[in-house]
Amino acid sequence: MADERTLVADLKRYVSDFVRERDWERFHNPKDLAVSLSIECSELLEIFQWKGQEDVDVKDEKVANKMKEELADIVIYAISMANATSIDISDAVSEKIRTNESKYPAEEWKGKAWL
Ligand SMILES: [Mg+2]
């Protein structure tokens, strides 16, 4: 699978099949999926814990592999949340980007992280 050749629907089905084949759908309620998503985000943060930004070489194979693994966990749980709650990811993301475009107009916010 590669981003250029994979639809969001394909990923949703792939994750859904994995979960259903293990009879894990009954554990996939929104609260536990939100908890799991947060834990996986923390595991990604752990790579950077107690280090300066310059101390983490994201091109180092070991670091890159760990980041890839944790990002995958995050995406899998995000997809599981969408599957469990019937959220259309493409619709949700495009709606949120439109909201952010209004909230942070490019001409006002270009190059700024805060006012
Ligand atoms: Mg993990």
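Presented here is a report on the structure given in the accompanying data block. Computed from a predicted model, the values in this text were never measured in an experiment.

## Re the packing of helix α2 (residues 30-46) against helix α3 (residues 61-85)
Inference 1: Orientation of α2 relative to α3, taken along the N-to-C sense of each, is 165 degrees, at an axis distance of 9 Å. With respect to each other, α2 and α3 are oriented roughly antiparallel. Two packed elements cross with a definite hand, and for α2 against α3 that hand is left-handed. Between α2 and α3, the contacting residues are Pro30, Leu33, Ala34, Ser36, Leu37, Glu40, Cys41, Glu43 and Leu44 on the first element and Met67, Glu70, Asp73, Ile74, Tyr77, Ala78, Ser80, Met81, Ala84 and Thr85 on the second.
Inference 2: Grouping the amino acids of the contact of α2 with α3 by side-chain chemistry returns 12 nonpolar, three polar and four charged.

## Side note on the coordination of the magnesium ion
Inference 1: For the magnesium ion, the full set of protein donor atoms is Glu40 (OE), Glu43 (OE), Glu70 (OE) and Asp73 (OD), and the range of their distances to it is 2.0 to 2.2 Å.
Inference 2: Sequence positions of the residues that donate to the magnesium ion give the spacing E-x2-E-x26-E-x2-D. Within this pair, whereas glutamate 40 is found in helix α2, its partner aspartate 73 is found in helix α3, the two being separated by 33 residues in sequence.
Inference 3: Judged by relative accessible area, glutamate 40 falls into the buried class, the value being 11%.
Inference 4: For aspartate 73, a relative accessible area of 24% translates into the label partly exposed.

## Some details on the layout of surface pockets
Inference 1: Looking at the largest pocket, its volume works out to about 300 Å³.
Inference 2: As for the largest pocket, its lining consists of Met1, Ala2, Asp3, Thr6, Leu11, Tyr14, Val15, Phe18, Ala72, Val75, Ile76 and Ile79.
Inference 3: If you list the elements that add at least two residues to the lining of the largest pocket, you get α1 (8-21) and α3.
Inference 4: A breakdown of the residues in the lining of the largest pocket according to their chemical character gives 10 nonpolar, one polar and one charged.

## Brief notes about α1
Inference 1: With 14 residues, α1 ought to run about 20 Å at 1.5 Å a step, and its terminal C-alpha atoms sit 20 Å apart, in line with that.
Inference 2: By the burial criterion, the buried members of α1 are Lys12, Val15 and Val19. The buried residues of α1 occupy an angular sector of 70 degrees when projected down its axis, which confines them to one face. Exposed residues pointing more than 90 degrees away from the buried face of α1 are listed as Tyr14 and Glu21.
Inference 3: Of the surrounding secondary structure, the elements contacted by the buried residues of α1 are α3 and α4 (89-103).
Inference 4: Of the residues trailing α1, aspartate 23 is marked for its positive phi of about 55 degrees.

Calculation criteria
- Residues numbered from 1 in each chain as written.
- Predicted model: local features only at pLDDT ≥ 70, side-chain atom pairs only at ≥ 80, totals over all residues.
- Heavy atoms only, no water.
- Axes fitted to C-alpha atoms, helices over the stretch in contact; angles between N-to-C directions.
- Helix = DSSP H or I, 4+ residues; strand = E, 2+ residues; numbered from the N terminus.
- Parallel < 35°, antiparallel > 145°, perpendicular 65-115°, else oblique.
- Left-handed = near helix turned anticlockwise from the far one by under 90°.
- Contact = heavy atoms within 4.5 Å.
- Nonpolar A, V, L, I, M, F, W, Y, C, P; charged D, E, K, R; others polar.
- Donors = N, O, S within 2.8 Å, 3.2 Å for Na, K, Ca; no water.
- Buried < 20%, exposed > 50% of the residue type's maximum accessible area, 1.4 Å probe, protein only.
- 1 Å grid on protein atoms, 1.4 Å probe; cavity = no way out; pocket = protein on both sides within 12 Å on 5 of 7 lines; lining within 4 Å.
- Points joined across faces, edges and corners; volume = space filled by probe spheres on them.
- Expected span 1.5 Å × (residues − 1).
- Arc of directions from axis to C-beta.

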